[in-house]
Amino acid sequence: ALADAVALTVTAPGTATLAASETIGSLAGDGTVALNANALTTGGNNASTTFSGLVSGAGSLVKTGTGAFTLSGTNSYSGGTELQAGTLGLAANGAIGSGSLAASAGTTIAYGSGLTFANLLDLTGPVTVTQASPGLTTQSGRVTGTSQLTKSGAGSLDFTDLDGTFSRLTTTGGSFNVTNTGTVGGSGLALEVTGGRSTFTNADGGALAGFFTASAGTELDIVNASGGTVTLGAGSTSTLGGSAGSFQNFGEVFANGNTSLSSLATFSNSGTIDLDSVAIGATSGSEITTNENRTAGDRLTIGGNFVAGSGSTLVIDADFGTAGTSDQLVVSGTGTGSATNIVFNNTNATGRFGLQSSPIVIASFGGGYSGDSPTTFGSNGLSGTRLATENSGPVDYELSASGNQWIVSSSLNSDAVGGFAASLAASQSLIAAALSRPSSSFVSAPIQPEANATGYSPWIRAIGGTVTSSAGSFVVNPDGSSDSSDAKIGLDYAGVQMGFDIGRFNINDSSWNVNVGVTGGYNAGNAEQQGVANDTDFTTSFIGTYVTVSRESFFAEIQARYDYTEFDILAPTFGENELEANSKRFSINSSAGYSFEIAEDANVTPTVGLSYANTDTSSINTDFGTLNFEDTMSLMGYGSVTLSKAILLESGTEALQPFITGTIYNDFGDDIVSSFDDGNGLTANVETDNIGTYGEFSIGLNYRAIVEDSKFGIDDVTGAIRADFAVGDKTEGAGLTGQLRLQF
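As the structure is a prediction and not an experimental result, all values here were calculated from the model.

To continue, consider the overall build of the protein. Along its length, the protein carries one helix and 67 strands. Against the compact-globule benchmark of 27 Å for 744 residues, the protein has a radius of gyration of 46 Å, which places it well outside the compact range. For the protein, the C-alpha atoms occupy an extent of roughly 155 × 45 × 40 Å along the three principal directions. Per-residue burial over the protein gives 52% buried out of 744 residues. Across the protein, the fraction of contacts at a sequence separation of at least 24, relative to all contacts at a separation of at least 6, is 51%.

Encoded structure:
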């Protein structure tokens, strides 16, 4: 046995063979040390020595003491190496044989230049690795550890498989290139460069967390590969060098709070930047466990240029409700590259979208943006550039690149809201037109009445039909933007109208006849907006009064009427609940015509008419706000020409009169004005076209019978049936009318 403090020098061709484990003060020389299966502990005398010979055997080598022990030969021992204190120099390939190297806290591993080591390196505390000479040395073996790792020296050193749970990596000089497959950092400083340059590559499964610093004149480059995660410390500022550092992301970067990356040349993103979540663990591949914070307002500031590559993704929280806030990417330099996919998480408690007074800025670029416009996918069904979900309601959000910003603009869904207003307006206007046909042609005087004769007549009319009407809507949003759309409304209706009038005929033997009457009725129907699932059932009750005058071939009428309509509305855009509304309409309808005989029992009858109406529609309260309607003034004019032929039947007291009529209608009134109030002080205005101009072709048959000696006092019976076909740029449809009148 040797003394523990002995300074052993083995000179070639000499061999020192261990019969048992030994402890010595130091080892030097160029001979051979045969460990066999024993451990040799050296360094206790704190001297610095070099051994350039061969260490062989299945045993191990242990370094103690404060001195430096350098192995400069290629060795073959396989039992591993322990660095318990001081410095261990590795000056040749294979210097530590084929076993692993375990380094304790406070020790230093000094690598030579131009070498490669495949040994496992286990660091059990803060350890320094150094490479002082020009050239590159590679540690290709796996490196494990649980503490801080510091690189010093002017040379270059590559660690290609860092697979531990290191708290910090520090570079004080030279070049230190690390590929991480484990975990580096935590909540504090994770990467530090005080001298030289460091490149940190976060490989598949690797995790980097915390913040980074690179002093002036140094450089830190970070590459986050696919499957890697980088979590930037909340509220932290990381510097990557004097405007020279870079950050390339192909994996996922998590940034919560107001975090900054400064002093870098370029941030290139082909992965995901997530401002919503914090990575709390990772497994192989891209299976990432996250903790979502669901708080809008986080900010990632990049002090450099931003380049978006293929697959670039940004995940952000955004409050699309009343707050109108979001996480934000702030870039001091320019923005270029491919389209970045934006994944939004709506943090509004209801999940619904509200109107905004100004666009929501999700990214800004101080040096301008010239890349492709961002798109959105994969979150709550958002797709393309328009954000619309099952909960978005009547508000649309549009994502775009505008100047030096990425923005989300809100607007009222012109298709849904404009069509909604158009459905209500069309159901009133078209039904009113069908029911407001003049009664004068249906109010007939007795044949050859005596002077100042009187009589009375009850009558009934039934209608039914279907109409399709188009209406354009123009929306002005709170932020001043506007949009337009065309809504197509399909309308089915049926109704009944009754009346009763009293007449005075051949007044003072002048042939003038006057009838004064009252009318009332009820109709119901359904209006469905095509392309949008808005469905409206309606019922209308009305009463009115009318006066007709006639003399020979001339007739005229004026009618005043009050309508009350109730609407039951299913509009999924506005929520799941059935909506209710009502309208009150007062109208005055007038018409006049003259029948010209153009052949025996054949007549042409031109008629003109004008209908004025004012409609007051109630507000509609929805889950998303209130739709308010201004009072609407309608002024409908029409002109028609009827060709008819009277046919006397064999009875001599009955006649048929087939006819055809062509009519032109035009609404001279105002467009329908409404507004949507989101309940938070923001209003969008909606203007919907009136029904405009349309034509109508009618074909029908009138019937009249003189009743003699009726025990009920009936003088004559008149009836008619007609089919109407509407056609126009905005309106088309068909309807059927039947009516019966008894003259007493």
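Let's shift gears to the sheet that holds strand 2 (residues 15-17). If you walk across this open sheet you meet the three strands as 2-5-8, and the pairing is parallel. On the outer flanks of this sheet lie strand 2 and strand 8 (54-56), each paired with one strand and no other. With strand direction ignored, the average angle separating the axes of adjacent strands in the sheet is 15 degrees.

In terms of burial, strand 28 (residues 219-224) is a largely internal element, six of the six residues being buried. Residues Glu-219, Asp-221 and Val-223 of strand 28 are buried on one face, and the alternating residues Leu-220, Ile-222 and Asn-224, pointing to the opposite face, are buried as well. The pairing of strand 26 (residues 197-202) with strand 28 spans six bridges and is parallel. Pairing of Arg-197 across the sheet is with Glu-219, part of strand 28. Across four bridges, strand 28 lies against strand 31 (residues 245-249) in parallel orientation. Pairing of Val-223 across the sheet is with Gln-248, part of strand 31.

What follows deals with a nonpolar patch on the surface. There is a patch of nonpolar side chains on the surface, built from Val-516, Ile-543, Val-547, Ile-558, Tyr-562, Phe-586, Ile-588 and Tyr-612 and spanning about 690 Å² of accessible area. Going through the elements one at a time, strand 53 (535-551), strand 54 (554-570) and strand 55 (579-594) are the ones with two or more residues in the nonpolar patch. Assignment of secondary structure puts Tyr-562 in strand 54. For Tyr-562, a relative accessible area of 36% gives the class partly exposed.

In total, this model carries 17 aromatic pairs according to the counting rule given. Ring-pair connections join several aromatic residues into one group, and the members of that group are Phe-247, Phe-267, Phe-306, Phe-365, Tyr-369 and Trp-406.

Residues Asp-537, Glu-566, Asp-568, Glu-578 and Glu-580 make up a contiguous surface patch of negative charge. Looking at the secondary structure, you find Asp-568 in strand 54.

All right, on to the nonpolar core then. Counting 111 residues, the largest nonpolar core has Ile-109, Phe-159, Phe-212, Phe-247 and Phe-306 as the members making the most contacts within it. In contact with Phe-247, other than residues within four places in its own chain, are Phe-212, Ile-222, Asn-224, Val-230, Leu-240, Val-253, Leu-261, Leu-264, Thr-266, Phe-267 and Ser-268. Counting residues in each nonpolar core, the second largest holds six residues, with Met-636, Tyr-638, Tyr-665 and Ala-726 among its members.

For the rest of this paragraph, the subject is the side chain of Thr-130. One can find Thr-130 in strand 17 (residues 127-131). Side-chain polar atoms of Thr-130 contact the backbone oxygen of Ser-152, separated by 3.2 Å.

Side chains of strand 29 (residues 229-232) alternate between two faces, with Thr-229 and Thr-231 and Val-230 and Leu-232 buried alike. With four bridges connecting them, strand 27 (residues 207-214) and strand 29 associate as parallel partners. By the bridge assignment for strand 29, Leu-208 is matched with Val-230.

Let's shift gears to unusual backbone geometry. Cis peptide bonds are those with omega within 30 degrees of zero, and the linkage from Ala-12 to Pro-13 qualifies with 10 degrees. Relative to the helices and strands, Pro-13 is located in the loop between strand 1 (7-10) and strand 2. Even without a glycine there, the phi angle at Ser-263 is positive, about 55 degrees. Within the chain, Asn-508 stands out as a residue other than glycine whose phi angle is a positive 50 degrees. Along the chain, Asn-508 turns up in the loop between strand 51 (482-505) and strand 52 (512-530). Looking at Asn-508, the relative accessible area reads 62%, which means it is exposed.

Our next topic: the environment of Gln-84. As for its placement among the helices and strands, Gln-84 is situated in the loop between strand 11 (81-83) and strand 12 (87-90). Overall, Gln-84 belongs to the partly exposed group, its relative accessible area being 39%. Sequence separation between Gln-84 and Ile-273 is 189 residues; the distance between their C-alpha atoms is 43 Å. Leave out the neighbours within four places in its chain, and Gln-84 touches Val-62, Lys-63, Thr-64, Ser-104 and Thr-107. Within the structure, the side chain of Gln-84 is placed 3.2 Å from the side chain of Glu-82, a separation counted as a polar contact.

Looking now at the pattern of salt bridges. Per the stated rule, a full pass over the model turns up 10 salt bridges. Linking Arg-197 and Glu-219 is a salt bridge whose minimum nitrogen-to-oxygen distance equals 3.6 Å. On the criterion of sequence distance, the pair formed by Arg-197 in strand 26 and Glu-219 in strand 28 is long-range, its members being 22 residues apart. By relative accessible area, Arg-197 is classed as partly exposed at 40%.

Calculation notes
Residues numbered from 1 in each chain as written. Predicted model: local features only at pLDDT ≥ 70, side-chain atom pairs only at ≥ 80, totals over all residues. Heavy atoms only, no water. Helix = DSSP H or I, 4+ residues; strand = E, 2+ residues; numbered from the N terminus. Rg over C-alpha atoms; globule rule 2.2 N^0.38 Å. Buried < 20%, exposed > 50% of the residue type's maximum accessible area, 1.4 Å probe, protein only. Contact = heavy atoms within 4.5 Å. Pairing = 2+ DSSP bridges. Axes fitted to C-alpha atoms, helices over the stretch in contact; angles between N-to-C directions. Patch = residues over 30% accessible without salt bridge, like charges linked within 9 Å, V, L, I, M, F, W, Y side chains within 5 Å. Areas by Shrake-Rupley, 256 points an atom, 1.4 Å probe, with all protein chains shown as cover. Salt bridge = Lys/Arg side-chain N within 4 Å of Asp/Glu carboxyl O. Phe/Tyr/Trp six-rings, centres within 6.5 Å; stacked < 30°, edge-to-face > 60°. Lys, Arg positive; Asp, Glu negative; His and termini not counted. Charge placed at Lys NZ, Arg CZ, Asp CG, Glu CD. Core = buried A, V, L, I, M, F, W, Y, C linked by side-chain atoms within 4.5 Å. Polar contact = N/O pair within 3.5 Å; in protein donor to acceptor, adjacent residues only side chain to side chain.

Such coordinate-based values are descriptive only and should not be taken to indicate function.
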